[in-house]
Amino acid sequence: MENLRELYQQVILDHNKNPRNFRKMEHPDGFAHGNNPLCGDQIDIYLKLKDGVVEDVSFDGNGCAICTSSASMMTVALKGKTEAEAKALFDSFHHALTEDTAYPDDIPLGKLEVLKGVKDYPVRVKCATLAWHTFDAALRKFQGDISTE
Amino acid sequence: MSNVAQYDVVSIRNDFPILSREVHGRPLVYLDNAASSQRPRQVIDAVRGLYEHSYSNVHRGVHQLSQESSRLYEDARVAVRGFINASCVHEVVFTRGTTESINLVAQSYARPLLKAGDEILITHMEHHSNIVPWQMVCQQTGAVLKVVPISDAGELEMGRFNEMLSDRTRLVSVVHVSNALGTVNPVKTIIDAAHAKGIPVLVDGAQAVPHIGVDVQELNADFYVFSGHKLYGPTGVGVLYGKEKLLNAMPPYQGGGDMILSVSFEKTEYNTLPYKFEAGTPNIAGVIGLGAAIEYVRKIGLGAIAAHEHGLLEYATKQLKQIEGLRIIGEAGQKAGLISFVLDAVHPHDIGTFLDADGVAVRTGHHCAQPVMDRYGVPATARASFAMYNTFKEIDVLAEAIVKTIEMFG
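Rules behind the numbers
- Residues numbered from 1 in each chain as written.
- Chains lettered and ligands numbered in written order.
- Predicted model: local features only at pLDDT ≥ 70, side-chain atom pairs only at ≥ 80, totals over all residues.
- Heavy atoms only, no water.
- Axes fitted to C-alpha atoms, helices over the stretch in contact; angles between N-to-C directions.
- Helix = DSSP H or I, 4+ residues; strand = E, 2+ residues; numbered from the N terminus.
- Parallel < 35°, antiparallel > 145°, perpendicular 65-115°, else oblique.
- Contact = heavy atoms within 4.5 Å.
- Nonpolar A, V, L, I, M, F, W, Y, C, P; charged D, E, K, R; others polar.
- Buried < 20%, exposed > 50% of the residue type's maximum accessible area, 1.4 Å probe, protein only.
- Phe/Tyr/Trp six-rings, centres within 6.5 Å; stacked < 30°, edge-to-face > 60°.

Visitor: Go over the packing of helix α1 (residues 2-12) of chain A against helix α15 (residues 392-409) of chain B, please, and point to the residues and values.
Guide: Running from amino to carboxyl end, α1 of chain A crosses α15 of chain B at an angle of 40°, the nearest separation of the two axes being 10 Å. Comparing the axis directions of α1 of chain A and α15 of chain B gives the class oblique. Of α15 of chain B, the residues touching α1 of chain A (which contributes R5, Y8, Q9 and I12 of chain A) are K404, M408 and F409 of chain B. Grouping the amino acids of the contact of α1 of chain A with α15 of chain B by side-chain chemistry returns 4 nonpolar, 1 polar and 2 charged.

Here it is as structure tokens:
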């Protein structure tokens, strides 16, 4: 119970109640819809890129506290990152939540560290990673669009 | 009321070994019975006894074990017949569960019959397993799926139902007790109205048989389907009851062993009921465990169980309604023992995780009834569902855990 309280206090304080970048975006460069059919979490990720850098990222949707706060923190963490840096951060974050071993090329997670506690609640890991998978899909769609030009 | 007074929940709980375990250092409070109930020792012993003493394949060998297993297997069918009061034993077909029973009817009864423009009538409160098999058969035949709406309270709009019964309707398929709302539907009225127009009715009884005495002849249901695992029996076994006349006219669902009388490469003669629909080696232990579960339920008595669970429902409804920021989804006049709810401040998943930390098991999510969630504009709910072994004290633990969760999210 104490671990849970600690996790939620860190996570929900702030980000769940006041999610950052929680808005639809007009004319995004990248967009993807994320859906967790088991629990009904739904997230839309909007993305603006300029010269290979994440200029703006926002989200919209409906999810639990872990899902919402993770999405909110993700948008903050990603702004200003290059596409490659964003991908690397996703890999590192995903690894931290799903694997016991240290990540080979450990990238500092910074404020995202607080979400590592989710690892103790395996059924909730997908809540914390939904926004990231959706971001990844939005980025890949954008990159796909570029490569077909 | 004497039933209620004599109801010995302590001795019932002692029959369920799992109920004495702890979860996260707290006594388990198991309120996820609508997803799957727990097993009494009598069921566990029946399955163990089979494997330790009698097990062999059924309907085949002349040897002693095969005969013993076959007898136990067929005894379970006799138990099911009595439990739902089917007119004869061969109207009871064993399947993998409610889902397979519905798919069987969709493919073997409806599919050969349906023509483009024909209609299947279901309701807005169906489980996905009573939606998708009909969508599939509609795609295969060009038939159309029609959906009877439900009210804000979670009751079927019977006026609309009567209007929607058309001369194109070929089958009505309706849930007896809603797994997401707890609503008990007036299936007898529904069946009478459909029969007045010559339309057969399938009743999905998965959530009904553990809580309500079902008499398929009195209901005059054409098909009645349910699962073993919600009825204190094993997983992977269920029942399709069908009227003899309908089952006899239907082609087999799957081909294989046991469902044939003779096979040559030119011609195969199908077996008689119910074996025509039981291709392959069946879930022998599951069926025998289900028989033991039915025997256990009958010993305690569904009347007494229903009275106890109704008491739990009334008490839980009263306790939960006192919690500020809690909204109950589904307030039908006739309800079985489950409560779906949402909190203003907390998403159902977070509720589920916090209740679990207090040892309280509830289901959170869409309960395989997404159209119901959409109807009430919620992404998911938390659901506490009661069984014969739950206690009033457990309802208090639930209510306290909810209040604590709300405080946490302040």
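Visitor: Let's hear about helix α13 (residues 348-357) of chain B: which residues, and what values?
Guide: Helical geometry: 3.6 residues make up each α-helical turn, so side chains three or four residues apart lie on a common side. Residues and elements named next belong to chain B. Burial analysis of α13 places 9 of its 10 residues in the buried class, which makes it a mostly covered element. Buried within α13 we find P348, H349, D350, I351, G352, T353, F354, L355 and A357. Taken from the residues just after α13, G359 is the one with a positive phi, measuring 85°.

Visitor: Talk me through the packing of aromatic side chains; I want residue IDs and the actual numbers.
Guide: Per the stated rule, a full pass over the model turns up 15 aromatic pairs over all chains. Seen from their ring centres, F22 of chain A and F59 of chain A are 5.0 Å apart, and the 65° between their planes marks the pair as edge-to-face. Of the two residues, F22 of chain A sits in the loop between α1 and β1 (30-36) while F59 of chain A sits in strand β3 (residues 53-62), which places them 37 residues apart along the sequence. A residue is classified by how much of its surface remains accessible, and F22 of chain A, at 39% relative accessible area, is partly exposed. Residue F59 of chain A is classed as buried on the basis of its relative accessible area of 2%. Between the aromatic rings of Y109 of chain B and F223 of chain B, the centroid separation amounts to 5.4 Å while the plane-to-plane angle is 65°, which identifies the pairing as edge-to-face.

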